[in-house]
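# Tertiary structure, described
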Amino acid sequence: MKGTVDMGNIISFDGIVSIDDDSLSMSNGLTDVLIDYLLISGSELAESESEKRMIVFLAEKQQTIIGMGNVDFDILEMPWQTNTFSADKAFLLKVISYARLLSLQKGIEDKLGYKPNQEHIEYALNGFETLINRITVNDINENNLNEWISGAEIDDPIYCGFPKCRKHNVILSHFGCKLCNDGA
Ligand SMILES: [Zn+2]
């Protein structure tokens, strides 16, 4: 069930998780809620290629395809690059703020087909914001970007102009539209 609290996925800063660090621990349902909101918000706001890549990275976190509880990731493995770092970090913080705004609007429920618990989505957005706030340009390992890019097939959305779902207007990953796959 969406938005219920049980152990599911962890978004950590660097892949290391301890009980008192700032890792964001969420139920499978809440993980989906967070990704859905970031995806809808980010698809609307992304303009540059590096911004769109960030959203594709998030759009790949599809438990319906990969399996429940299988979408843990860490902030450092996101497709950061040195030359656009400041803009990309500012972009993601804007995506979080806009997602927060969307969570208070009624229209979003129709698009998603569910109504998330407001406290839970706040918790997830705040936790993700804390992690994004923490990253500095010195933390970036561009090998992660290169690995992610070289792992993409030739027909991957990152090579095809970042198409969006016609129904949901969200950026696709190589799994297709997350919202379509989730039956939204
Ligand atoms: Zn769709």
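So, a few notes on the structure that sits alongside this text. (Residues numbered from 1 in each chain as written. Predicted model: local features only at pLDDT ≥ 70, side-chain atom pairs only at ≥ 80, totals over all residues.)

So, on to the packing of helix α1 (residues 28-45) against helix α6 (residues 118-134). The geometry of α1 relative to α6 is characterised by a closest axis approach of 10 Å and an angle of 65 degrees between their N-to-C directions. As the angle between them shows, α1 and α6 are arranged roughly perpendicular. Crossing handedness for the pair α1 and α6: right-handed. Of α6, the residues touching α1 (which contributes L30, V33, L34 and Y37) are H120, I121, A124, L125 and F128. Tallied by class, residues from the contact of α1 with α6 come to eight nonpolar, one polar and no charged. (Axes fitted to C-alpha atoms, helices over the stretch in contact; angles between N-to-C directions. Helix = DSSP H or I, 4+ residues; strand = E, 2+ residues; numbered from the N terminus. Parallel < 35°, antiparallel > 145°, perpendicular 65-115°, else oblique. Left-handed = near helix turned anticlockwise from the far one by under 90°. Contact = placed C-beta atoms within 7 Å. Nonpolar A, V, L, I, M, F, W, Y, C, P; charged D, E, K, R; others polar.)

Okay, the environment of S97 next. Residue position: S97 is located in helix α4 (residues 85-102). Note: C-alpha distance between S97 and Q81 (16 residues apart in sequence) is 22 Å.

What follows is about the sheet that holds strand β2 (residues 24-26). On the basis of which strands lie adjacent, the open sheet formed by three strands has the order β2-β1-β3 and mixed pairing. For this open sheet the edge positions go to β2 and β3 (73-74), each flanked by a neighbour on one side alone. Note: strand β1 (residues 9-12) against β2, three bridges, orientation antiparallel. From the neighbouring strand, I10 faces β2, where its bridge partner is S25. Sitting on the sheet, α6 touches β1 and β2, and the angle it makes with β2 is about 150 degrees. (Pairing = 2+ DSSP bridges.)

Here F128 lies in helix α6. By the C-beta count within 10 Å, which is 24 here, F128 ends up buried. Each C-alpha atom of the pair F128 and I96 lies 8.0 Å from the other, and the pair is 32 residues apart in sequence. Leave out the neighbours within four places in its chain, and F128 touches I11, L24, L34 and I96. (Buried ≥ 20, exposed ≤ 12 C-beta atoms within 10 Å, placed from the backbone.)

If you look at the biggest cluster of nonpolar residues, it comprises 35 residues, and the most contacted ones within it are L34, L38, L39, I55, A124 and F128. Those elements giving two or more residues to this core turn out to be β2, α1, α2 (49-59), α4 and α6. The greatest single-element share of this core, amounting to eight residues, is contributed by α1. Each residue touching L39, except ones within four places of it in the same chain, is listed here: I55, L58, A59, V170 and K178. (Core = buried A, V, L, I, M, F, W, Y, C linked by C-beta atoms within 7 Å.)

A word on α2. The buried count for α2 comes to eight of eleven residues, which makes it a mostly enclosed element. For α2, the full list of buried residues reads E51, K52, R53, M54, I55, V56, L58 and A59. Of the surrounding secondary structure, the elements contacted by the buried residues of α2 are α1, α4 and α8 (178-181).

With that out of the way, let us pick up the packing of α2 against α4. As a packed pair, α2 and α4 sit with axes 10 Å apart at the nearest point and diverge in direction by 50 degrees. As the angle between them shows, α2 and α4 are arranged oblique. Pair α2 / α4 crosses with right-handed handedness. Between α2 and α4, the residues in contact are S50, E51 and M54 and D88, F91 and L92, respectively. A per-class count over the contact of α2 with α4 returns three nonpolar, one polar and two charged.

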